[in-house]
Structure formats: C-alpha cells, structure tokens
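Chain residues, written in single-letter form:
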Amino acid sequence: GQQLNQSPQSMFIQEGEDVSMNCTSSSIFNTWLWYKQDPGEGPVLLIALYKAGELTSNGRLTAQFGITRKDSFLNISASIPSDVGIYFCAGPQNSGGSNYKLTFGKGTLLTVNP
Amino acid sequence: GAGVSQTPSNKVTEKGKYVELRCDPISGHTALYWYRQSLGQGPEFLIYFQGTGAADDSGLPNDRFFAVRPEGSVSTLKIQRTERGDSAVYLCASSLIPGSTDTQYFGPGTRLTVL
C-alpha cells in the first residue's frame, strides 16, 4: 500500500525559531493533508493541499504540495511553546475510489524550548 | 459546537476479555471512520461507515474486530478475545460528506490497554 515517510522524526528548537519538516512517498498523492496532534487528543487538520505546486498558508504555517505529487513540506515560522506536538502528513488512498481512507506518516515530534 | 466524543477515554482490560468502544460523531455527519494508533505511529484506517452501513471494513485486522452504527449516528467498535497486541489508541472521526476528502474531524480517542 501507499506509505508516507516523514522527516525528521523529532525536533527540539528554541522559541522564535522557524521549523521545516517534510513528507515523501514512493507513489503519487492527489491531496496532501497536515495534521497536528496534542497529547491525549485526536489529530486536528492544519492545512489541506489539492493541487501540485500549491503553496498554502494558515497563520504562521505554510505548506506546499510538491510538483511531483510525491512530497510535501510544512514550515512553521516564529515558533511558540503551543506549537509543541506531533505533526502528521496524510493523504487519501487513490485506488478503487477509496479517497476517504487516509494514510498517515509516522509523525514529527516538535518540542519548543521557551 | 460539540466535536466528536469517545468513551471511555481509557480502558484497561485483561487478555481474552471483550470490550466495546463508543463514538459520538458530530451531529449531521453521515460519514464515520475508525482508526487505530499504536505508540509512535500515525493512525491506521480500520473501517468506514456511510450512514448505517459499513462501506469499507478492509482495515479491520481480523474477525475479532467488529463495528456497528445501527442508527447512522453513534458507532461502537467491538473487540472480542482481546490480545496484548490490541493495545493502542482507537480514534474515531466523522465528516459531513461520505466518500470524499471532506475534512475528517477526530475525537480524542480511547486508550485501550490489554494486560
């Protein structure tokens, strides 16, 4: 099946720094989603990307849908302590009309030191 | 408004026991999904309901797992003869439009521990 590889696995940064993380796949995705999960909570959608090359921002977050449709990155500018959490990339499976079935990466754990 | 809720938040059981996990989706959402998240992993798809029927149960690991949604709202995930490997967080999500990439809203999950 389709797999998503996220890097880095974890990051430890100082408050105010910018952060970049990415997600790659061996197969094409038609949609890229970025979720954040806080401890004890379910994932919350941050940004959705629907078109190759698309660059979308949500506040301090910016994400891009790679031209090859096999990768995406998420940037966080001027990090703050509440950015702490696990960031997941995800995408719907493309085969057999199963576009509701999301595949998730393993996540990037972000720690922000105040 | 109210989001997706799941009960219990934590469940500890012994190997071989039967458990039921409940999900209350967002009101009006016709699509409901169950995922399982193991430690250090992302959520993995289990089953998808479109209304009352299970439209896709291809992610259920074996026949010990079963889920129902009899009235098209609340869903129950049932696990028989639990095994230690079933320990994970079970997440429920719902979306307004079934069968599409409409945003899936996740509940907080039920953490299942099988001793």
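Anything mentioned here points back to the structure above.
In this text, all values refer to a predicted model and were calculated from it rather than measured experimentally.

(A) How the structure looks around the packing of aromatic side chains. Following the criterion strictly, the structure yields 12 aromatic pairs over all chains and no others. Ring geometry for tyrosine 100 of chain A and tyrosine 48 of chain B: centres 4.1 Å apart, planes at 25 degrees, overall stacked. Taken as a pair, tyrosine 100 of chain A in the loop between β9 (85–92) and β10 (102–104) and tyrosine 48 of chain B in strand β5 (residues 44–50) lie in two separate chains rather than in one. Across this residue pair, the class does not change: tyrosine 100 of chain A and tyrosine 48 of chain B are buried. For the pair phenylalanine 104 of chain A and phenylalanine 106 of chain B, a centre-to-centre distance of 6.0 Å together with 80 degrees between the ring planes defines the contact as edge-to-face. Here phenylalanine 106 of chain B lies in strand β10 (residues 105–106) and phenylalanine 104 of chain A lies in strand β10, a pairing that spans two chains. The same class applies to phenylalanine 104 of chain A as to phenylalanine 106 of chain B, namely buried.

(B) Quick peek at the pairing of strand β6 (residues 53–56) of chain B. Residues and elements named next belong to chain B. The pairing of β5 with β6 spans three bridges and is antiparallel. Pairing of tyrosine 48 across the sheet is with aspartate 56, part of β6. A loop of two residues connects β5 with β6, the two strands running antiparallel in sequence, and glycine 51 in this loop sits at a positive phi of about 70 degrees.

(C) Fine view of the interface of chain A and chain B. In this assembly, 19 residues from chain A lie in contact with 20 residues from chain B. Carbon and sulfur atoms make up 55% of the area that chain A and chain B hide from each other, which totals about 1,500 Å². Inspection of the chain A/chain B interface yields one salt bridge. Two residues, aspartate 56 of chain B and lysine 101 of chain A, come together in a salt bridge whose shortest N-O distance is 3.2 Å.

(D) Summary view of the environment of glycine 109 of chain B. Residues and elements named next belong to chain B. Relative to the helices and strands, glycine 109 resides in the loop between β10 and β11 (110–114). Relative accessible area serves as the criterion here: at 5%, glycine 109 is assigned to the buried category. C-alpha separation for the pair glycine 109 and glutamine 37, spaced 72 residues apart in sequence, amounts to 9.1 Å. When residues no more than four places from it in sequence are discounted, the contact partners of glycine 109 are Gln6, Pro8, Ser9, Val89, Tyr90 and Leu91.

(E) Main features of the state of the cysteines. Residues and elements named next belong to chain A. The final tally for this structure, using the stated rule, is two disulfides over all chains. In this model, cysteine 23 is linked to cysteine 89 through a disulfide, with the two sulfur atoms separated by 1.9 Å. Because the torsion about its S-S bond is 55 degrees, the bridge between cysteine 23 and cysteine 89 counts as right-handed. Of this pair, cysteine 23 sits in strand β3 (residues 19–25) while cysteine 89 sits in strand β9, and the two are 66 residues apart along the sequence. Taking relative accessible area as the criterion, cysteine 89 reaches 0% and is therefore assigned buried.

(F) Unusual backbone geometry, seen in detail. A cis amide bond links serine 7 of chain A to the next residue, proline 8 of chain A, at an omega of -10 degrees. Relative to the helices and strands, proline 8 of chain A resides in the loop between β1 (4–7) and β2 (10–14). In this structure, proline 8 of chain B follows threonine 7 of chain B across a cis peptide bond, with omega equal to -10 degrees. Of note in this structure, arginine 69 of chain A is not a glycine but carries a positive phi near 65 degrees. As for its placement among the helices and strands, arginine 69 of chain A is situated in the loop between β7 (61–65) and β8 (71–76).

(G) Spatial organisation of the sheet that holds strand β8 (residues 75–79) of chain B. All names here are of chain B. If you trace the four strands from one edge of the open sheet to the other, you get β1-β3-β8-β7, paired in antiparallel fashion. Each edge of the sheet is formed by a strand with only one pairing partner; in this case those strands are β1 (5–7) and β7 (65–68). With direction set aside, neighbouring strand axes in the sheet form an average angle of 15 degrees. In this structure, β7 lies alongside β8, joined through four bridges in antiparallel fashion. Looking across to β8, one finds that phenylalanine 66 is bridged to lysine 78.

Thresholds applied
Residues numbered from 1 in each chain as written. Chains lettered and ligands numbered in written order. Predicted model: local features only at pLDDT ≥ 70, side-chain atom pairs only at ≥ 80, totals over all residues. Heavy atoms only, no water. Phe/Tyr/Trp six-rings, centres within 6.5 Å; stacked < 30°, edge-to-face > 60°. Helix = DSSP H or I, 4+ residues; strand = E, 2+ residues; numbered from the N terminus. Buried < 20%, exposed > 50% of the residue type's maximum accessible area, 1.4 Å probe, protein only. Pairing = 2+ DSSP bridges. Contact = heavy atoms within 4.5 Å. Buried area = accessible area lost by both parts, 1.4 Å probe. Salt bridge = Lys/Arg side-chain N within 4 Å of Asp/Glu carboxyl O. Disulfide = S-S within 2.5 Å. Axes fitted to C-alpha atoms, helices over the stretch in contact; angles between N-to-C directions.

Geometry only, nothing functional implied.
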